[in-house]
Amino acid sequence: MIKRKLKSPVFLFLLRKILFYVLTLIVSLTLVWLIPRLMPGDPIKRLVVSILVGAGMGGEVGATATATTQYTVKQAKMLYELYVKKFGLDKPWYIQYLLMYKRLFTGDLGKSIMFYPEEVINVISRALPWSLALLVPAIIVGWILGNLLGAYAGYKGGKTDNVLYSAFLFISQMPYYWFALVLIYLFAVRLHIFPAAGAYSVGVVPSLSMTFIIDFLKHYILPFLSLVLIIIGGQALGMRTMIIYELGSDYMKYSEMIGLSDKKLVRYAFRNAVLPQITGLAISLASAVSGQIITETVFGYPGIGYVMYQAILHEDYPLIEGSFMILIACVLIMNFIMDIIYAYIDPRIKAVYAGER
Amino acid sequence: MMKVSKTRLKHVMGIFVRYKKLLIGTTLVLGILLFCLIGRIVYPVNPRDIAFKDLLPPNPENPLGTDVFGRDVLAQIIHGTLNSLRVGVAAGLIATLIGVIIGAVAGYFGGIIDEVLNLITNTFLVLPTLALLIVIASYVKMRSEWIVAFIIGVTSWPWTARAVRAQVYSLRAREFVDLAKISGLSKFEIIIFEILPNMLSYIVMCFTLQMAGAILSEAGLSAIGLGPSDVVTLGIILRWCIVWEAPRLGAWWWFVPPGLLITLIAVSFLLLNSGLDEIYNPRLRRGIR
């Protein structure tokens, strides 16, 4: 029984995918580990300096820093040695590399510099729900609407197609954050319909009350629009091409010849064209996440992107790397979810992997 | 002699008339280029000069008004567009070069080399490039436009690698490759002198896509403050608009033009790309109506 289940085609397909994602994770983690080591300069020195400067805004280290420079030098040295030990930089490189994984799996991403002494993992887990609340609905809505519109344009042809094609093309190439600026100008500054920034008003406490939900939605609409419209444009563009391809294929000509109704033809074409669009969605996910980082920055929306932006401004390297790792992890998980859906929808996967048995 | 070149010209013109996307794309690209080159001569205002009152709306002296520092927006746009294009071309070249090398080697050699290179390519395709760019760029303190172009180039090659691999894979079974093998050419010689010249049009198409992508990437990187630190690009202008909250200042003349131009540049490269695609790929021609 179990043996049969393990050999099921869907399972084999997903197993291959899991291996691929684990590999992708290893590659990206290796990059994050490698990049600072390839760059000129001493990363620990940089870290110590930014901690001293950063904590100087409110911490006792900074206060002493201005009082007696000699004390700071001593303290900086202590801090330096502390971090050399903490990151295991006194050990050989392969141990350092393995230590990174140990830190990652124990959730120890280090302390944030700008929010010192808060743990990076806490800062991120506070921001993550906001990002997901923005990204996941935007992707789902954008994908569905984009495919329907794209299929419509491809099927209709003529003037409709020309107009829609130009619109999709333009919309899909707009920089997300520029479109965000335009939305803020139109709806927040000119028309005063929606607020320009933040995820909820100052003074409103996040809870499940009616006031908060309405306030949240008001803040939600503009960032959501700026993401969803561009996803629609990109998806529609891909779907339109796919539909034109399918409608021109031999099986379509054959179906037309044997006199199938138009409605049936379109349904066949759509079903065939939508499959590659699922793969397309996985790929556009990466670009949507990239866009979201900047969109959140423009709206001051308290998600991972905004955290990353602030971390860049404050040279908070542990936080930059932590956000990067979490972003990658999220993208990989979402990719995997789409693979599961794909495995169940596409009959060819069952056929291919059944054949390999 | 004369007659030959005339029919040739007619043929080329005919292509442009038949393939509207190519025509529009080429016109837009040339138009934008001319706008920068002629603009610099006709409108010799220094984009860095704080020579005017701040936040002036469009007026006869400053056709696109001034920014929050009192710098002329049109001058910034003219210089910014040219710099953005330069970053785009440089990054596009780097990405295309890396992509072609990896794709061609993977596609021609096949086997384990192909598997490994394919795996690497797919890995990079899944990663959100901007996040990777941010991590790299945040460690580089002095970012000239060339360094930014380089960073973008080395992170955006996977698309090209994948496309080139598929093409090479299908070309390597053709007769002319067999012929080259019989005549004793080495594998690399076959790739460079036989296969790649046969797919030059395809590589050019990849390059146009890479340029469009690179210009958008530069703008994105600049928007969060990791763009080039030595020149004005369209992304850098948008960066200032974000930092100084141009929408809230009501300065539409400041933030609308740079974004519009970025979009226009990307669109025209894309049109160029799909126009070329229509010429080489007859199955798509149903799309032109």
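In this report, we go over the structure that sits alongside the text. (Residues numbered from 1 in each chain as written. Chains lettered and ligands numbered in written order. Predicted model: local features only at pLDDT ≥ 70, side-chain atom pairs only at ≥ 80, totals over all residues. Heavy atoms only, no water.)

Quick word on the interface of chain B and chain A
Here is step 1: Taken residue by residue, the interface counts 55 residues in chain B and 59 residues in chain A.
Here is step 2: Carbon and sulfur atoms supply 76% of the area that chain B and chain A bury against each other, a total of about 5,000 Å² over both sides.
Here is step 3: Seen at the junction of chain B and chain A, the total is zero salt bridges.
Here is step 4: Going through the elements one at a time, α4 (111–126), α5 (129–139), α7 (158–171), α10 (200–223), α11 (234–243) and α12 (252–280) of chain B are the ones with two or more residues in the side of chain B that touches chain A. (Contact = heavy atoms within 4.5 Å. Buried area = accessible area lost by both parts, 1.4 Å probe. Salt bridge = Lys/Arg side-chain N within 4 Å of Asp/Glu carboxyl O. Helix = DSSP H or I, 4+ residues; strand = E, 2+ residues; numbered from the N terminus.)

Focus: the side chain of B:Ser222
Residues and elements named next belong to chain B.
Here is step 1: Secondary-structure assignment places Ser222 in helix α10.
Here is step 2: A relative accessible area of 1% places Ser222 in the buried class.
Here is step 3: Apart from the residues lying within four places of it in its own chain, the contact partners of Ser222 are Gly227, Pro228, Thr233, Gly235, Ile236 and Arg239. (Buried < 20%, exposed > 50% of the residue type's maximum accessible area, 1.4 Å probe, protein only.)

A closer look at the pattern of salt bridges
Here is step 1: In total, this model carries eight salt bridges over all chains according to the counting rule given.
Here is step 2: Between A:Glu118 and A:Arg126 there is a salt bridge, with the nearest N and O atoms lying 2.8 Å from each other.
Here is step 3: You can call A:Arg126 partly exposed: its relative accessible area is 46%.
Here is step 4: Here B:Glu145 and B:Arg86 are joined by a salt bridge, their closest N and O atoms 3.4 Å apart.

Notes on the packing of aromatic side chains
Here is step 1: Enumeration according to the criterion identifies 16 aromatic pairs over all chains in this entry.
Here is step 2: Measuring from centroid to centroid gives 6.5 Å for B:Phe69 and B:Trp240, while their planes differ by 80°, and the two rings are edge-to-face. Within this pair, whereas B:Phe69 is found in the loop between α2 (20–42) and α3 (73–109), its partner B:Trp240 is found in helix α11, the two being separated by 171 residues in sequence.
Here is step 3: With relative accessibility at 29%, the residue B:Phe69 sits in the partly exposed group.
Here is step 4: Every member of this aromatic cluster is reached through a ring pair, and the members are A:Trp130, A:Phe216, A:Tyr220, A:Phe224 and A:Tyr301.
Here is step 5: One Lys or Arg, B:Arg71, reaches over the ring of B:Trp240 and ends 4.1 Å from the middle of that ring. (Phe/Tyr/Trp six-rings, centres within 6.5 Å; stacked < 30°, edge-to-face > 60°. Lys NZ or Arg CZ within 6 Å of the ring centre and 35° of its normal.)

Concerning the state of the cysteines
Residue and element names in this part refer to chain B.
Here is step 1: According to the stated counting rule, one finds zero disulfides over all chains in the structure shown.
Here is step 2: Sulfur of Cys36: no disulfide; nearest cysteine sulfur belongs to Cys241 and is 18 Å away.
Here is step 3: Judged by relative accessible area, which is 0%, Cys36 ranks as buried. (Disulfide = S-S within 2.5 Å.)

Focus on empty space enclosed by the protein
Here is step 1: A full pass over the atoms with the stated rule returns three cavities of 30 Å³ or more.
Here is step 2: Of the pockets and cavities examined, the largest cavity occupies roughly 110 Å³.
Here is step 3: Going through the elements one at a time, α7 (120–156), α12 (262–299), α13 (304–313) and α14 (317–345) of chain A are the ones with two or more residues in the lining of the largest cavity.
Here is step 4: Across the lining of the largest cavity, the residue classes break down as nine nonpolar, three polar and one charged.
Here is step 5: Computed from the structure, the second largest cavity encloses a volume of approximately 40 Å³.
Here is step 6: In terms of lining residues, the second largest cavity is bounded by B:Ile102, B:Gly103, B:Ala106, B:Leu117, B:Asn118, B:Thr121, B:Ala161, B:Arg162 and B:Arg165.
Here is step 7: For the lining of the second largest cavity, the secondary structure elements donating two or more residues are α3, α4 and α7 of chain B.
Here is step 8: Its residues placed into classes, the lining of the second largest cavity shows four nonpolar, three polar and two charged. (1 Å grid on protein atoms, 1.4 Å probe; cavity = no way out; pocket = protein on both sides within 12 Å on 5 of 7 lines; lining within 4 Å. Points joined across faces, edges and corners; volume = space filled by probe spheres on them. Nonpolar A, V, L, I, M, F, W, Y, C, P; charged D, E, K, R; others polar.)

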